[in-house]
Amino acid sequence: VCARTSPNECILIRYVHTVKSLSVCLVYLACYHTDMAAQCVTKVELTVSCENLLDKDIGSKSDPLCVLLMSSSDSQWYEVGRTEKVQNCLCPKFAKKFVVDYFFEIVQKLKFGIYDIDNKTIDLSDDDFLGQLECTLGQVRLSVSLQKDTIHVRTRVVNNNLNPTWKPFRIPLQSLCGGDMDKPIKVPLIPFFLLSSGIDTHAVVCCPQAEFECINSKKKQKKKGYKNSGVVSVKLCEVVKEYTFLDYIMGGCQINFTVAIDFTGSNGDPKSPQSLHYISPQGVNEYLSAIWSVGNVIQDYDSDKMFPAFGFGAQIPPTWQVSHEFPLNFNPANPFCAGIEGVVEAYRVCLPQVKLYGPTNFSPIINHVACFAKQAMQQTTASQYFVLLIITDGVITDMDDTRSAIVNASRLPMSIIIVGVGGADFSAMEFLDGDNGRLRSQTGEAAMRDIVQFVPFRQFQNAPSQALAQSVLAELPQQVASFFSLFKLKPPRDPSPS
């Protein structure tokens, strides 16, 4: 097991029983200024590859996935992220990279776990464990150089086709070539042939259309007059300026945060210690913990810090009709709460005044927030983005309507975070997350993009308080930036006019 520090150097770290070889390559180091913390943060990008993994499948090879865990200050492991699953491969080179903050003065423990994934559940306990590597970030030996043969993009497989056309993809120049336009890149066509020499980045980027020969080195040696095994045609290549999440925030984009809380009867009587709504003598429960954890991060990106907060699935006074989008403060004309403290206080006051009931319907509150996101689309700049936090305990009752609501919302400046509390079956939430394929409505209409992030709270019960927020908010910056980029919307103020 090695950590590569340069293309020609490896340092032995540790041999871990069933992972025959696992390489962790640091491929990019960046420093940027955060407007919130007013300090430099060093970001480390880690690429993972394995060799000779155990084969746990019958009739095929293992389908490996890598999960990265980090150790908190109190020595509890928490999940940072996961790579994609590589189908039928014992020597995977994962394309998805891990990005972590690097602190020189802190020993940062890492654990890379490899699993054979044969189902669609988010829980790894029902997947075959193939092995793990434990090390520190310092042992990975920081290097700012891009590593040799690091995978940047993996296209989808096109079966039984000698004239395949792949979908367009985007890749940052920094990640592709480190900003060096003369750096060669390789395009391997597995399993038959490989471009014999690197393509100059400059040749691809600066020429909107280009063609390159595919050379099979073995055929070239054996056959006289051999020319090539085909041609790779670059149909279109553009270099465009893409704003980052921080560019949008520093340029005046507001993140509008809305909280929705499940008050259905399956939570249990709030007066009972077994209820998920029961507030302990310490003043907490899982709902409050989720609100504090996620809200404390989000609130820094909203200038007025006034957050609408709603409940659903309860009978509310004075008519005791069931409602699926009632304001926690019972003021439909002004459902806003002052800061996260205001949301917490509104929840505490509301809880004893409602009767927990049902069913568990998500679509009304999703459509409610989507109405405001749709109004924001009338503006000509990236001025507003909406984040809906749904905290729930169980199975969705209006799944078809919820799927349609999410598909519609995917075309709007909006993201949805779902935190599942308690020990219920959350397979429906994992389905909505869309990590295993593009979510579709009942009629077959596909979501334009993945806007749902789901996590079960139970995974973070022993983790530091910030771990939940890190997990559920990890995809948000990319969702914000990609949406505005897709619609070619610039920040209200360009943070870097030059």
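About the cut-offs
- Residues numbered from 1 in each chain as written.
- Predicted model: local features only at pLDDT ≥ 70, side-chain atom pairs only at ≥ 80, totals over all residues.
- Heavy atoms only, no water.
- UniProt positions renumbered as here; feature names shortened; annotations may be inferred.
- Axes fitted to C-alpha atoms, helices over the stretch in contact; angles between N-to-C directions.
- Helix = DSSP H or I, 4+ residues; strand = E, 2+ residues; numbered from the N terminus.
- Left-handed = near helix turned anticlockwise from the far one by under 90°.
- Contact = heavy atoms within 4.5 Å.
- Nonpolar A, V, L, I, M, F, W, Y, C, P; charged D, E, K, R; others polar.
- Buried < 20%, exposed > 50% of the residue type's maximum accessible area, 1.4 Å probe, protein only.
- Salt bridge = Lys/Arg side-chain N within 4 Å of Asp/Glu carboxyl O.
- Phe/Tyr/Trp six-rings, centres within 6.5 Å; stacked < 30°, edge-to-face > 60°.
- Lys NZ or Arg CZ within 6 Å of the ring centre and 35° of its normal.
- Expected span 1.5 Å × (residues − 1).
- Core = buried A, V, L, I, M, F, W, Y, C linked by side-chain atoms within 4.5 Å.
- Pairing = 2+ DSSP bridges.
- pLDDT = per-residue confidence, 0-100.
- Patch = residues over 30% accessible without salt bridge, like charges linked within 9 Å, V, L, I, M, F, W, Y side chains within 5 Å.
- Areas by Shrake-Rupley, 256 points an atom, 1.4 Å probe, with all protein chains shown as cover.
- Lys, Arg positive; Asp, Glu negative; His and termini not counted.
- Charge placed at Lys NZ, Arg CZ, Asp CG, Glu CD.

An unreviewed UniProt entry lists the protein under the name Copine III, with Sander lucioperca as the source organism. Note on the protein: under the UniProt heading Sequence similarities (unreviewed entry), the record states "Belongs to the copine family."

K.L.:
I keep staring at the packing of helix H5 (residues 286-298) against helix H10 (residues 465-472) and nothing clicks. Help me out?
P.N.:
Think of two packed helices as two axes; the pair is described by the angle between the axes and how far apart they sit. Direction vectors running N to C along H5 and H10 enclose 65°, while the axes themselves pass 9 Å from each other. Two packed elements cross with a definite hand, and for H5 against H10 that hand is right-handed. Touching Ala290, Ser293, Val294 and Val297 of H5 are Ser465, Leu468, Ala469 and Val472, all from H10. In the contact of H5 with H10, the residues fall into six nonpolar, two polar and no charged.

K.L.:
In this structure, what is going on with unusual backbone geometry? I would like to understand it.
P.N.:
Working note: non-glycine residues mostly have negative phi, and peptide bonds are mostly trans. Here proline 317 and proline 318 are connected by a cis peptide whose omega angle stands at 5°. By the element assignment, proline 318 lies in the loop between strand S18 (314-316) and strand S19 (321-323). A cis amide bond links glycine 358 to the next residue, proline 359, at an omega of 0°. Within the secondary structure layout, proline 359 lies in the loop between strand S22 (355-356) and helix H7 (363-376). At phenylalanine 330, a residue that is not glycine, the phi angle is positive and equals roughly 60°. Relative to the helices and strands, phenylalanine 330 is located in the loop between strand S20 (326-327) and strand S21 (336-338). Judged by its relative accessible area of 29%, phenylalanine 330 is partly exposed.

K.L.:
How should the pattern of salt bridges be read in this particular structure?
P.N.:
If the charged atoms of two oppositely charged side chains come close together, the side chains can form a pair. Taken as a whole and assessed by the stated rule, the structure comprises three salt bridges. Across the pair arginine 403 and aspartate 400 runs a salt bridge, and its minimum N-O distance is 3.5 Å. On the criterion of helical spacing, the pair formed by arginine 403 and aspartate 400 is a turn pair, its members being three residues apart in helix H8 (residues 399-409). Between glutamate 445 and arginine 411 there is a salt bridge whose closest N-O contact spans 3.2 Å. Of the two residues, glutamate 445 is situated in the loop between helix H9 (427-433) and strand S25 (452-456) and arginine 411 in the loop between H8 and strand S24 (414-420); the sequence distance between them amounts to 34 residues. Judged by relative accessible area, glutamate 445 falls into the partly exposed class, the value being 35%. Classification of arginine 411 as partly exposed rests on a relative accessible area of 27%.

K.L.:
What exactly am I supposed to notice about the packing of aromatic side chains here?
P.N.:
For any two aromatic rings, the description comes down to two numbers: the centre-to-centre distance and the angle of the planes. Scanning the entire structure with this criterion turns up 16 aromatic pairs. Centroid distance tyrosine 248 to phenylalanine 484: 5.1 Å. Interplanar angle 45°. Geometry classified as tilted. With tyrosine 248 in helix H4 (residues 245-250) and phenylalanine 484 in helix H11 (residues 476-486), the pair connects residues that are 236 residues apart, well separated along the chain. Judged by its relative accessible area of 1%, tyrosine 248 falls in the buried class. The class of phenylalanine 484 is buried, set by a relative accessible area of 2%. Ring-pair connections join several aromatic residues into one group, and the members of that group are Tyr243, Tyr248, Tyr385, Phe483, Phe484 and Phe487. Its guanidinium or amino end placed over the ring of tryptophan 320, lysine 355 lies 4.6 Å from that ring's centre, counting from NZ or CZ.

K.L.:
Hey, could you run me through helix H6 (residues 339-350) in this one?
P.N.:
Two residues of an α-helix separated by three or four positions point the same way, owing to the 3.6 residues in each turn. Relative to the 16 Å expected for twelve residues at 1.5 Å per residue, H6 spans 17 Å between its end C-alpha atoms, a close match to the ideal helical length. Gly339, Ile340, Gly342, Val343, Val344, Ala346, Tyr347 and Cys350 are the residues of H6 that are buried. Of the surrounding secondary structure, the elements contacted by the buried residues of H6 are strand S16 (254-262), H5, strand S17 (306-312), S20 and S21.

K.L.:
Would you explain the nonpolar core in this entry?
P.N.:
Soluble globular proteins: nonpolar side chains tend toward being buried together. Counting residues in hydrophobic clusters, the biggest one holds 80 residues, and the most contacted among them are Leu46, Phe112, Phe257, Phe263, Leu328, Tyr385 and Phe484. Residues Ile366, Ala373, Ile416 and Ile418 belong to the second largest nonpolar core, which totals 30 residues.

K.L.:
What's the story with the sheet that holds strand S9 (residues 128-136) in this structure? I'm lost.
P.N.:
Pairing between the strands of a sheet is mediated by backbone hydrogen bonds and can be parallel or antiparallel. Read across the open sheet, the four strands follow the order S6-S5-S8-S9; overall the sheet is antiparallel. Either end of the sheet is taken by a strand with one partner, and the two such strands are strand S6 (77-82) and S9. Geometrically, the sheet is characterised by an average inter-axis angle of 25° between neighbouring strands, direction not taken into account. In terms of strand pairing, strand S5 (residues 64-71) meets S6 through five bridges, oriented antiparallel. The residue of S6 that forms the bridge with serine 71 is tryptophan 77.

K.L.:
Hey, could you run me through the confidence of the model for the protein in this one?
P.N.:
The predicted coordinates of low-pLDDT regions are not to be read in fine detail. Looking at the protein as a whole, the pLDDT averages 81, with 80% of positions reaching at least 70. Model confidence for the protein, summarised as mean pLDDT per element, is weakest for strand S2 (residues 9-12) at 31 and strongest for S20 at 98. Per-residue pLDDT stays below 50 along residues 1-19; that stretch engages in 60 contacts with residues further than four places along the chain or on separate chains. Every residue in residues 142-149 scores below 50 in pLDDT, and together they form 28 contacts with partners more than four places removed in sequence or on other chains.

K.L.:
Teacher, can you tell me more about a positive patch on the surface here?
P.N.:
Taken together, Arg156, Lys167, Arg438 and Arg440 make up a surface patch of like positive charges. Following the sequence through the fold, lysine 167 ends up in the loop between S9 and helix H1 (173-177). The class for lysine 167 is exposed, based on a relative accessible area of 69%.

K.L.:
Help me understand the pairing of strand S14 (residues 210-213), please; the structure alone is not making it clear to me.
P.N.:
It is a general feature of regular strands that their side chains alternate between the two faces of the sheet. Only one face of S14 is buried, namely the one carrying Ala210 and Phe212, since none of Glu211 and Glu213 on the opposite face is buried. Inspection of the sheet shows S14 paired to strand S15 (residues 231-234) by four bridges, in the antiparallel sense. Looking at S15, one finds that glutamate 213 is bridged to valine 231.

K.L.:
Can you help me understand a nonpolar patch on the surface in this one?
P.N.:
Together, Met448, Leu486 and Phe487 make up a nonpolar patch on the protein surface, roughly 240 Å² of accessible area in all. Within the secondary structure, leucine 486 sits in helix H11. Taking the relative accessible area as the measure of exposure, leucine 486 reaches 46% and is therefore partly exposed.

K.L.:
Whenever I open this one, the sheet that holds S22 confuses me. Can you help?
P.N.:
The three strands are arranged S19-S18-S22 in an open sheet whose pairing can be described as antiparallel. Among the strands making up the open sheet, the edge pair consists of S19 and S22. Bridging between S18 and S19 involves three bridges; their strand directions are antiparallel. Looking across to S19, one finds that glutamine 315 is bridged to valine 322.

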